[in-house]
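A structural walkthrough
So you can see what is in the structure, the chains are spelled out below.
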Amino acid sequence: MSEDFFKSYVEEHMSIIMHLCRAYARDEESLKDLVQEVTLQLWRSHKSFQGNSQLSTWVYRVTLNVCLSHSKRLKRKVETVPLEWRVDSPEQTDPEKEQIEKLYQGIRKLKESERAIILLYLEDKSYKEMSEILGITVSNVGVKVNRLKEKLKSIING
């Protein structure tokens, strides 16, 4: 795989990488570190991609594995209180920013495995794609998504 191709498919899937990493990052610096770690892991493992699934499925799986590993490492460290942070987009109004921040705060309160499912759902992945990425049955995905939507609603609405 050429360097140009690698750059293009990482850039093509950067929104996937950012969304997943943002849900596992504690602050902006942690987000940057995670994205860098994912990019490095994609580079290291690009030769193992055999084309048995869609490229985006493989990128999701690698990104999710890196985020989960990162999260496990953090659990072993002493817990600190993060400063509040926001990733702003100029086209969003204040109420939109607040809603998005509430959503991500709610997502961060979910268990790691639950975060992965809800993020895939928010990315409009089909249950079949989610099943392939997560390694669970399609019907199990459906059950988990419905339960998590309710759980996330109750977290956000208090």
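All figures in this text were calculated on a predicted structure; none of them were measured in a lab. (Residues numbered from 1 in each chain as written. Predicted model: local features only at pLDDT ≥ 70, side-chain atom pairs only at ≥ 80, totals over all residues. Heavy atoms only, no water.)

1. Looking at the side chain of E101
For E101, the position within the fold is in helix α5 (residues 94-109). Given a relative accessible area of 4%, E101 falls into the buried group. A distance of 3.3 Å separates the side chain of E101 from the side chain of R22, its partner in a polar contact. (Helix = DSSP H or I, 4+ residues; strand = E, 2+ residues; numbered from the N terminus. Buried < 20%, exposed > 50% of the residue type's maximum accessible area, 1.4 Å probe, protein only. Polar contact = N/O pair within 3.5 Å; in protein donor to acceptor, adjacent residues only side chain to side chain.)

2. Topic: the pattern of salt bridges
With the rule as written, the count across this model stands at 5 salt bridges. Measuring nitrogen to oxygen at the nearest pair gives 3.0 Å for the salt bridge that ties K151 to E114. Taken together, the residues span a long stretch of sequence, with K151 in helix α8 (residues 138-157) and E114 in helix α6 (residues 112-122) at a distance of 37 residues. Here K128 and E132 are joined by a salt bridge, their closest N and O atoms 2.8 Å apart. Residue K128 and its partner E132 are both found in helix α7 (residues 127-134); the two are separated by 4 residues, about one turn of the helix. Here the residues in one salt-bridge network are R22, E101 and R108, joined through shared partners. (Salt bridge = Lys/Arg side-chain N within 4 Å of Asp/Glu carboxyl O.)

3. A look at the packing of aromatic side chains
Enumeration over the complete set of coordinates arrives at 0 aromatic pairs. The ring of Y104 carries R22 above its face, with NZ or CZ at 3.9 Å from the centroid. (Phe/Tyr/Trp six-rings, centres within 6.5 Å; stacked < 30°, edge-to-face > 60°. Lys NZ or Arg CZ within 6 Å of the ring centre and 35° of its normal.)

4. Thoughts on the packing of α5 against α8
Relative orientation of the contacting elements α5 and α8 amounts to 120 degrees, with a least axis distance of 9 Å. The two elements α5 and α8 cross, and the hand of that crossing is right-handed. Contacts between α5 and α8 involve K102, L103, G106, I107 and K109 from the first element and L152, I155 and I156 from the second. Taken together, the residues of the contact of α5 with α8 sort by class into 5 nonpolar, 1 polar and 2 charged. (Axes fitted to C-alpha atoms, helices over the stretch in contact; angles between N-to-C directions. Left-handed = near helix turned anticlockwise from the far one by under 90°. Contact = heavy atoms within 4.5 Å. Nonpolar A, V, L, I, M, F, W, Y, C, P; charged D, E, K, R; others polar.)

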